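Examining the three-dimensional arrangement
If you want the building blocks of each chain, they are given just below.
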Amino acid sequence: MAESPKRSRLPPSHHRCFGNKFSPPPPTATSRGASAHEKSKNALFDIKKFLDSLDVPFCLAHGTLLGIYRDGDLLPGDSDVDVMLPWSVDRVWLAENLERLGCTITISPYDIRGYMGQWGFGVRLPPDDAVVELSFLKPENGKVWFGFMRGQHVIKLPVSPFKFTSVNYLGIPFPIPHPCDVHLSEIYGENWNMRTRNHNFFIINPNIVDEGNIRVADAFSYILNGLTTGDYKKAQGYTEQLLSVYDDPLLYKLREYFAKLPFEITLFPPLEWQQQRLHYRDVIG
């Protein structure tokens, strides 16, 4: 992460380095009658207020950045807010201060101190419990990396180092990477500025480093969730995403299953297969 646009008053340690169909559950009631979109919007403004009060530099990230930079608003249906912070931020210090401000950290103090907390953690903000995902950017080999852990493994993606500019959202300036077009193309591909669905970059980005095959397990969990909640479109979409990077007979059977459903759904089109797909035998043995 490039030098922050504002000077930080962080502790000294911060400067050492920079089948069966079930009925879907009813929607959860939101406090104060707020929609999920309003909750996320409130969370974005609140996390900015909290991080600014702690003098912690940050910028918008991932889906939050894409929506605000491309569309001028948060992406519809995006369930959380994403921000990036420097690797040098003291995770324990930050978590303790966010809790003092009324937030809830989504992983344990043990994990905050361990390897899992190094890559990121979630923060639930009052009063709606909207989630903000904090990602920490690690500079390494001329790139900056962000990712997350599952068990003992990390899935991570490199992007080019960047400087900062800002974008106004509802009259408030938010820091974003510069040049933002380049940053978004490294994550979402050259067509990042087109509104496309069924693209989870942690599954289909060809530059993902995933030695633990986390994306395979995650995609299958999304497929299973879609099947068990009756969200067949979600399940079919993740089937096509995973097929583009992973060769598994089960996925072909799922594709046939979705094509023969006794009711009509709009199917996502197949994605272009990557040249070097994983083979299921190399994953499960």
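Provided above is the structure to which this section pertains.
Predicted model only: the values in this text are computed from it and were never measured. (Residues numbered from 1 in each chain as written. Predicted model: local features only at pLDDT ≥ 70, side-chain atom pairs only at ≥ 80, totals over all residues. Heavy atoms only, no water.)

A short note on the overall build of the protein chain
Check the secondary structure of the protein chain and you find 11 helices and 11 strands. Counting the 285 residues in the protein chain, one finds 47% classified as buried. Roughly 15100 Å² of accessible area belongs to the protein chain as shown, and the carbon and sulfur atoms make up 52% of that amount. (Helix = DSSP H or I, 4+ residues; strand = E, 2+ residues; numbered from the N terminus. Buried < 20%, exposed > 50% of the residue type's maximum accessible area, 1.4 Å probe, protein only. Areas by Shrake-Rupley, 256 points an atom, 1.4 Å probe, with all protein chains shown as cover.)

Digging into the packing of helix H9 (residues 232–243) against helix H10 (residues 249–259)
Contact geometry of H9 with H10 gives a least axis separation of 10 Å together with a crossing angle of 145 degrees. In this structure, the crossing between H9 and H10 has a hand that is left-handed. Here Tyr 232, Ala 235, Gln 236, Thr 239, Glu 240, Leu 242 and Leu 243 of H9 lie close against H10, whose contacting residues are Leu 251, Tyr 252, Leu 254, Arg 255, Tyr 257 and Phe 258. (Axes fitted to C-alpha atoms, helices over the stretch in contact; angles between N-to-C directions. Left-handed = near helix turned anticlockwise from the far one by under 90°. Contact = heavy atoms within 4.5 Å.)

Brief notes about the side chain of Gln 236
By the secondary structure assignment, Gln 236 is in helix H9. For Gln 236, the side chain forms a polar contact with the main-chain nitrogen of Phe 268, separated by 2.7 Å. (Polar contact = N/O pair within 3.5 Å; in protein donor to acceptor, adjacent residues only side chain to side chain.)

Brief notes about the packing of aromatic side chains
This model, assessed by the stated rule, comprises 17 aromatic pairs. Ring centres of Phe 146 and Phe 202 lie 6.0 Å apart, and the angle between their planes is 80 degrees; on these two criteria the pair is classed as edge-to-face. Taken as a pair, Phe 146 in strand E6 (residues 143–150) and Phe 202 in helix H7 (residues 201–204) lie far apart in primary sequence, 56 residues in all. On the accessibility criterion, Phe 146 (1% relative accessible area) is buried. Taken together, the aromatic side chains of Phe 146, Phe 148, Tyr 188, Phe 201 and Phe 202 make up a single cluster linked through ring pairs. (Phe/Tyr/Trp six-rings, centres within 6.5 Å; stacked < 30°, edge-to-face > 60°.)

Considerations on unusual backbone geometry
Pro 127 follows Pro 126 through a cis peptide bond whose omega is 0 degrees. You can see Pro 127 is positioned in the loop between strand E4 (120–125) and strand E5 (130–140). Of note, the bond from His 178 into Pro 179 is cis; its omega dihedral lies within 30 degrees of zero at 0 degrees. Relative to the assigned elements, Pro 179 resides in the loop between strand E9 (172–178) and helix H6 (180–188). For Asp 55, which is not glycine, the phi dihedral falls at a positive 60 degrees. Along the chain, Asp 55 falls in the loop between helix H1 (36–53) and strand E1 (59–60).

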